[in-house]
Amino acid sequence: MLKNKNRMENENRQRDSEARTETRQRDAEDRLEKSLDSYRIEAKEREERFQKTADEIKGLVNEMNSNNKSTAIAIWTLSIATILSIAAMVIGVLVTK
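This section reports on the structure supplied with the text. (Residues numbered from 1 in each chain as written. Predicted model: local features only at pLDDT ≥ 70, side-chain atom pairs only at ≥ 80, totals over all residues. Heavy atoms only, no water.)

A word on the overall build of the protein chain
Argument step 1. From N to C terminus, the protein chain includes one helix and zero strands.
Argument step 2. Taking 97 residues into account, the globule formula puts the C-alpha radius of gyration at 13 Å, and the protein chain, at 41 Å, lies well above it.
Argument step 3. Summarising its shape, the C-alpha atoms of the protein chain cover approximately 140 × 15 × 5 Å along the three principal directions.
Argument step 4. For the protein chain, with 97 residues in total, the buried portion stands at 0%. (Helix = DSSP H or I, 4+ residues; strand = E, 2+ residues; numbered from the N terminus. Rg over C-alpha atoms; globule rule 2.2 N^0.38 Å. Buried < 20%, exposed > 50% of the residue type's maximum accessible area, 1.4 Å probe, protein only.)

Encoded structure:
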């Protein structure tokens, strides 16, 4: 009878230990799942920020290209105006002599 009682106590302890182990394992799995979810969300946010930054850079480059065209047109216009002014001065000097 004492052996049966000891055996039952051992079985109860073993069941309790298994139950605690299962609980710890479930808790660890839950923590891991939460960490993975958090990492996924963080990675997605980082990717969105990167894409937004890339789009902003593309916009700046396109804006600079259009500004470069405007600048090139202005430089050519000033160059032609300068050449015409020099030619007018030369003609003016030749005519007055």
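A word on a nonpolar patch on the surface
Argument step 1. On the surface, Ile86, Met89, Val90 and Leu94 cluster together into a nonpolar patch covering about 410 Å² of accessible area.
Argument step 2. Checked against the element boundaries, Met89 lands in helix α1 (residues 2–96). (Patch = residues over 30% accessible without salt bridge, like charges linked within 9 Å, V, L, I, M, F, W, Y side chains within 5 Å. Areas by Shrake-Rupley, 256 points an atom, 1.4 Å probe, with all protein chains shown as cover. Salt bridge = Lys/Arg side-chain N within 4 Å of Asp/Glu carboxyl O.)

With respect to the pattern of salt bridges
Argument step 1. Per the counting criterion, the structure on display carries five salt bridges.
Argument step 2. Between Glu11 and Arg15 there is a salt bridge, and its shortest N-O distance comes to 3.6 Å. A residue pair is termed a helical-turn pair when its members lie 3 or 4 positions apart in one helix, as Glu11 and Arg15 do in helix α1 at four residues.
Argument step 3. With a relative accessible area of 35%, Glu11 lands in the partly exposed category.
Argument step 4. Owing to a relative accessible area of 47%, Arg15 belongs among the partly exposed residues under this scheme.
Argument step 5. Between Arg40 and Asp37 there is a salt bridge whose closest N-O contact spans 2.5 Å. Of this pair, Arg40 and Asp37 both sit in helix α1, three residues apart, which is roughly one turn of the helix.

These values are about where atoms sit, not about what they do.
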